[in-house]
Structure formats: C-alpha cells, structure tokens
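Next come the chains, spelled out residue by residue.
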Amino acid sequence: MNILILGGNRYFGKSVLKILSKKKYKIFLVNRGLKTNLKNKNIKHIKIDRKKINKDSKYFKNIYFHKVFDNNAYCLDDVKNLLSIIKNNFKHYIFTSSSITYLDLHLKKKVTENEWHKGKYSSDFVRKFKAREISYAKNKRAIEKFLINQKKINYTILRIPAVLGKNDFSSKTKNLIYFDYYKNFSKFNLQDKIQFIYKENLIRIIVKIIYDTNFKKKSINIANDPIKVQTFYKILDKNKRNKNKFLKNSEFPIPKNTTICNSKLKNMFKNLLTPTQKVVKKVLTSNEV
C-alpha cells in the first residue's frame, strides 16, 4: 500500500507516521525539509513546501496512493493544488479539520455532523473571536465544503478539538493545566463545559481509518465527551503538586462550551476513547506535558 502523508513531523502526525512505518507500506512524507528522526527504508522523504509543488512535478508521477493523509492543509488552494497534481491516482483522502468550523453553534448545544452538512452553523460570528480564529475556521470550512461537493472523491473529514498529550507543540495541554489559567476558570460558570481529545486516542482512530478499506464519504466529529468546569476543578484540586509545573500559556486556548457530539465516533470505534475524567487524571499524574 502506498501512503502519502502531508504533515507527519510533529505531535500526533509524527506518531501516526511512526506506527505506519513499522508496516510494509511505502510512505511518501512531504514537508518543507524538516527531517524525521525515523530511519526507515519504507519512508521516502520529499523535502518541499506543498505550495511549491506544481503539475510538472516529478515527485508523484505514475504513483497510485491508496491513502492520502493530509494533516497540514490550511486553505482551499492547498487541497486544490495537491489534487490537481495527483489527480485520480488515489483511493482515499483523509483530511484533518477542526471543531472550530462550528464556532458559535457549538456554544448553544451539542452539534452533530448533520448540522454542518445542512449549513446550520453561524457565519456572523456574534461572539468575539480573534481574527486568526475566524480566518482558520473559514479556511477549514471552505476545504470541507469543497470535498463534500466532489462526487468522485472518497474523503474522510476529521473534526478535531484541542488535542491533549505529550509533546504538545501548541501548548494546549500546558494551557489547560497552567496555574494562572486554572484561576481564570473562575470567570466561567461552573456548569460550562470544555472538550478535547486525548492524543493517544486520536492516533488510534486515525490509524484505524487508514487501515480500513471501507470508508466512504464520511465526516466525523472526534472528541471525548464534554467535561464540566466544576468537575475539572475537582480533579485539578487533587493534583495541586502537579499543576504548578506547567509554565506556558497556549497560543490556542481551549474555548468553553465546545460540545460537538461524538455518537457516530462511539459507534464506529468502540473502546478507542479513554473516558474524559481519566484523560485529565492521566495528563496530570503522568507528566504527559
């Protein structure tokens, strides 16, 4: 099996690459020249910015990709350019999106994939979001809409919230645990909820999707069940010695009341999700950050 990976050098993408490299697959890893420390003859490292790959590129000629795992497309042109190059020479396109595509809607109720497809998400951004958040959401939405409208493309869209776990370069994990941020939870209603996915759970789900040959045109919300701020307080209070270790604020803070529904996920991937409270305890007690 030939697998094309874009964005496999950091965090959960790196872990997915490591697992796949142990199999007898031919992996084509595209990035801007960042070297992977994985020494494996099954990995062909293509050092180029994806934006600079053109139709005359020699990299992908006469190669059929059974799986394309796109973990670093941030705008529609990224995807269109790639697909114009590999054309129909692939079977399954897996795209990592974000729960931020729902923005305001996820603050009101639990939302399902059906609401996204029906276009019931907010486009007015009545809540104050940072310009970067709005831009990120719009770009991810545009990519999703494009893929959903492509009748000939077998896609899987993964909408992911904050990812918590070891080697978190975005510092979301540290941000959640950091003492000053912990004090700022007092600004929240104790009944407000936060939501995330444990890194190890996400890796297992992505690998299973890559292994699976039966995925067709699916959009999946990937997240643990929401946890109340009040419950989070109680777990954190029992681990006071650990919470003072973490020193960085996140560039991407976890918004309150992110409540995407993961019922489809539970039906498809039983036993792959660690219960939410156990995730928080594990992150706190095992030096995950």
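Residues numbered from 1 in each chain as written. Predicted model: local features only at pLDDT ≥ 70, side-chain atom pairs only at ≥ 80, totals over all residues. Heavy atoms only, no water.

Colleague: Which parts of the structure should I look at to understand the pattern of salt bridges?
Modeller: Pairs can form between side chains of opposite charge whenever their charged atoms are close. Scanning the model with the defined rule gives four salt bridges in all. A salt bridge links K266 to D225; the nearest nitrogen and oxygen atoms lie 2.9 Å apart. In this pair, K266 is assigned in helix α10 (residues 263–268) and D225 in the loop between β10 (218–221) and β11 (227–228), connecting sequence segments 41 residues apart. Residue classification places K266 among the partly exposed positions, given a relative accessible area of 38%. (Salt bridge = Lys/Arg side-chain N within 4 Å of Asp/Glu carboxyl O. Helix = DSSP H or I, 4+ residues; strand = E, 2+ residues; numbered from the N terminus. Buried < 20%, exposed > 50% of the residue type's maximum accessible area, 1.4 Å probe, protein only.)

Colleague: Got a minute to help me understand the pairing of strand β6 (residues 155–160) in this structure?
Modeller: Counting buried positions along β6 gives six out of six residues, so the element sits mostly inside the fold. Burial along β6 is two-sided: the face carrying Y155, I157 and R159 and the face carrying T156, L158 and I160 are both buried.

Colleague: I would appreciate a short explanation of the packing of aromatic side chains in the present structure.
Modeller: Aromatic ring pairs: the centre-centre distance and the angle between the two ring planes describe each pair. With the rule as written, the count across this model stands at five aromatic pairs. Summarising the aromatic geometry, the rings of Y25 and Y211 are spaced 6.2 Å apart at their centres and angled 65 degrees between planes, so their arrangement reads as edge-to-face. Remark: Y211 occurs in helix α7 (residues 199–211) and Y25 occurs in the loop between α1 (11–21) and β2 (26–31); sequence separation between them is 186 residues. On the basis of relative accessible area, Y25 is assigned to the buried category, the value being 19%. Seen in terms of ring centroids, F28 and F65 are 5.4 Å apart; in terms of plane orientation they differ by 85 degrees. Their pairing is edge-to-face. With F28 in strand β2 and F65 in the loop between β3 (43–47) and β4 (67–70), this residue pair connects regions lying 37 residues apart in the sequence. For the residue pair F28 and F65, the accessibility class agrees, reading buried in each case. (Phe/Tyr/Trp six-rings, centres within 6.5 Å; stacked < 30°, edge-to-face > 60°.)

Colleague: Honestly, the environment of S219 in this entry has me stumped. Any pointers?
Modeller: Of note, S219 is situated in strand β10. Judged by its relative accessible area of 2%, S219 is buried. As a C-alpha pair, S219 and F95 span 124 residues in sequence and 9.5 Å in three-dimensional space. If sequence neighbours within four positions are ignored, S219 has contacts with E113, H117, I148, Y155, I157, R159 and K264. (Contact = heavy atoms within 4.5 Å.)

Colleague: I would appreciate a short explanation of the confidence of the model for the protein chain in the present structure.
Modeller: In low-pLDDT segments, the atomic positions of the prediction should not be examined closely. Residues with a pLDDT of 70 or more make up 78% of the protein chain, whose mean pLDDT is 79. In this model, residues 242–253 is a region of pLDDT below 50 whose contacts with residues beyond four sequence positions or in other chains number 33 contacts. (pLDDT = per-residue confidence, 0-100.)

Colleague: Explanation requested: the packing of helix α2 (residues 76–86) against helix α4 (residues 131–148) in the structure shown.
Modeller: Between two packed helices, both the angle of their axes relative to each other and the distance between the axes serve to describe the pair. Put simply, α2 and α4 touch, their axes get as near as 8 Å, and they point 35 degrees apart. Where α2 approaches α4, its residues L76, V79, K80 and L83 are matched on the opposing element by A142, I143, F146 and L147. Within the contact of α2 with α4, the residues separate by chemical class into seven nonpolar, no polar and one charged. (Axes fitted to C-alpha atoms, helices over the stretch in contact; angles between N-to-C directions. Nonpolar A, V, L, I, M, F, W, Y, C, P; charged D, E, K, R; others polar.)

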